[in-house]
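Residue-level listing of the chains:
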Amino acid sequence: MIRINEDYLKLKASYLFSDIAGRIKAFQQAHPDRTIIRLGIGDVTRALPPVCVAAFHQAVDEMSRDATFRGYGPEQGYEFLRQAIAAEDFQRRGADIQADEIFVSDGSKCDTGNFQELFARDARIAIPDPVYPVYLDTNVMAGRSGAFVDGRYEGIVYLEGSRENGFVADPPDLPADLVYLCFPNNPTGATIDRQRLAAWVDWARDQKALILFDAAYEAFIRDDSLPRSIFEIPGAREVAVEFRSFSKTAGFTGTRCAYTVVPKDCKAYTAAGEKVPVHRLWSRRQSTKFNGVSYPVQRAAAAVYTPEGRQQAKALVDGYLANADMIRDAMQALGFTCFGGRHSPYIWVECRRPSWEFFDLLLDRAGVVCTPGAGFGRCGEGYARISAFNSKENVQAAMTRIREALEET
Ligand code: MLT
């Protein structure tokens, strides 16, 4: 008799964004004449930067000739991309990261979800609330939690975000071994300053803990005093791993390219207390379970680091940031308190009613999709996340529809 991993039974029936997609589909089937504007899942809508498209085409042409064809690439990514990442995203900003500490992948969702595999089943996990659900669900699948009771998994240390702490939690009093941080934050749009991030690094060093730092939205930071990487903080190389993605930075959600930075100084421990480099474990894991990202995709990603690539990618992000301003202003004008949306594509709206009720109201009355804050955890109840990833015209239309719908209620 083949038995299942019963930890899966602790999970909610479906992943948050699949659940929402199902509700939208049902709504669309019931109302085929209604047009829906999607400001829910953070999926980009604007075309790839032209310089990436040109590099993509050229690489496909190379694949069409025997002389330049490439088969399996290096699992960790091609040297041309890893060198560009290390030099441009880190060294140029004063962070000491080398090309051989970069692992190119097909997405930060998989990397943030898979990384926990390297650690003991009884590792104590600290997770923000509200949170991007992947960090939590993958640890539940791996057996690191108890049952789901009153909106919380037993055995998980929750780092509560609230309007009082600006949705930036400080290190916990309870012991924890592995902590997930995401800044600019998904879902709240909060940013962290150097001082508070340094407090986390100090805490991790003190606890011999590891920080998994998700920086998928760093390209939205427009204030140079804010850290874009945890490796800008002294001492972080020993206690942090960072996840980055081309998805939101350069429109790659459908193209798939991301990377994870694992410094060679970063250590975890055996039960006997012996230090083991995390780099060695991730390298072993990736070379066993992953065969790399396709060559044309890596060429397209490397084009982001050319002068035109930088400019074109920045223009994409600027467009989404302008949408974020528009959403924030419109929701505030309707009397809602808003957070985020400044160095982030996400606006976190205090919706003055239960989150799912607000979701249904916006969908039914305005044909606009948002993401209910409660889907990100208990502390998200009473909030909704509105995403700036859409065209300017659609965002304008959505705000008009929301205003009209709320005036009617
Ligand atoms: C989100 O909407 O939170 C993101 O698009 C999810 C993701 O990047 O996987």
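Student: If you had to explain the sheet that holds strand β10 (residues 258–261) to someone new, which residues and values would you point to?
Tutor: Strand order in the open sheet formed by seven strands is β2-β10-β9-β8-β7-β3-β6, and the pairing between neighbours is mixed. For this open sheet the edge positions go to β2 (102–105) and β6 (157–160), each flanked by a neighbour on one side alone. Sheet twist, expressed as the mean angle between neighbouring strand axes with direction ignored, is 20°. Taken together, the two bridges between strand β3 (residues 125–129) and strand β7 (residues 178–182) define a ladder with parallel strand orientation. Note that in β7 the partner of I125 across the bridge is L178.

Student: Outline the sheet that holds strand β13 (residues 338–340), supporting the account with residue identities and numerical values.
Tutor: The sheet built from four strands is open, its strands ordered β13-β14-β17-β16 with antiparallel pairing. Only two strands of the sheet have a single partner each, and these edge strands are β13 and β16 (371–372). Sheet contacts for helix α10 (residues 307–333): β13, β14 (346–350) and β17 (383–387); angle to β13, the most-contacted strand, approximately 160°.

Student: Break down the packing of helix α2 (residues 50–63) against helix α9 (residues 295–302) for me, with residues and values.
Tutor: Taken N-terminus to C-terminus, the directions of α2 and α9 make an angle of 150°; their axes are 8 Å apart at the nearest point. Taken together, the axes of α2 and α9 lie roughly antiparallel to each other. Of the two elements, α2 crosses α9, and the hand of that crossing is right-handed. Contacts from C52, A55, F56, A59, V60, E62 and M63 in α2 reach Y295, P296, V297, R299 and A300 in α9. Of the residues contributing to the contact of α2 with α9, the split by class is 10 nonpolar, no polar and two charged.

Student: Pulling in residues and values, what's your account of the site of the ligand?
Tutor: As a structural note, the neighbourhood of the ligand is formed by F17, I41, G42, Y132, N186, Y217, K248, Y346 and R385. Within the side chain of K248, a nitrogen or oxygen atom sits 2.9 Å from an oxygen atom of the ligand. When the free accessible area of the ligand is taken as 260 Å², the share hidden by the protein chains comes to 84%. Its residues assigned to classes, the shell around the ligand shows five nonpolar, two polar and two charged. Counting the residues that make up the shell around the ligand, at least three belong to each of domain 1 (13–42 + 308–408) and domain 2 (52–305).

Student: Any details on unusual backbone geometry? Residues and values, ideally.
Tutor: Note: most peptide bonds trans; most residues except glycine with negative phi. Cis geometry marks the peptide bond from D129 to P130; its omega dihedral reads 5°. The omega torsion of the bond from N186 to P187 falls at 20°, within 30 degrees of zero and hence cis. With respect to the helices and strands, the residue P187 is situated in the loop between β7 and α6 (194–207). The backbone phi angle of F167 is positive, close to 60°, even though this residue is not glycine. With respect to the helices and strands, the residue F167 is situated in the loop between β6 and β7. You will see that R256, though not glycine, has its phi angle at about 70°, which is positive. As for its placement among the helices and strands, R256 is situated in the loop between α7 (247–250) and β10. A residue is classified by how much of its surface remains accessible, and R256, at 31% relative accessible area, is partly exposed.

Student: Any chance you could break down the pattern of salt bridges for me, citing the residues and the numbers?
Tutor: With the rule as written, the count across this model stands at 27 salt bridges. The residue E88 makes a salt bridge to R310 at a minimum N-O spacing of 2.4 Å. With a gap of 222 residues between them, E88 in helix α3 (residues 79–90) and R310 in helix α10 connect regions that are remote in the sequence. You can call R310 partly exposed: its relative accessible area is 30%. Taking the shortest distance from any N to any O, the salt bridge between E117 and K289 comes out at 3.0 Å. Linking E117 in the loop between α4 (108–114) and β3 with K289 in helix α8 (residues 278–289), this pair joins segments that are 172 residues apart in sequence.

Student: Tell me what's going on with the environment of R38, and back it up with residues and numbers.
Tutor: Relative to the elements of secondary structure, R38 occurs in strand β1 (residues 37–38). In sequence terms R38 and N394 are 356 residues apart; their C-alpha atoms lie 8.6 Å from each other.

Basis of the calculations
Residues numbered from 1 in each chain as written. Predicted model: local features only at pLDDT ≥ 70, side-chain atom pairs only at ≥ 80, totals over all residues. Heavy atoms only, no water. Pairing = 2+ DSSP bridges. Helix = DSSP H or I, 4+ residues; strand = E, 2+ residues; numbered from the N terminus. Axes fitted to C-alpha atoms, helices over the stretch in contact; angles between N-to-C directions. Contact = heavy atoms within 4.5 Å. Parallel < 35°, antiparallel > 145°, perpendicular 65-115°, else oblique. Left-handed = near helix turned anticlockwise from the far one by under 90°. Nonpolar A, V, L, I, M, F, W, Y, C, P; charged D, E, K, R; others polar. Near = heavy atom within 4 Å. Polar contact = N/O pair within 3.5 Å; in protein donor to acceptor, adjacent residues only side chain to side chain. Areas by Shrake-Rupley, 256 points an atom, 1.4 Å probe, with all protein chains shown as cover. Domains from an automatic or database assignment. Buried < 20%, exposed > 50% of the residue type's maximum accessible area, 1.4 Å probe, protein only. Salt bridge = Lys/Arg side-chain N within 4 Å of Asp/Glu carboxyl O.

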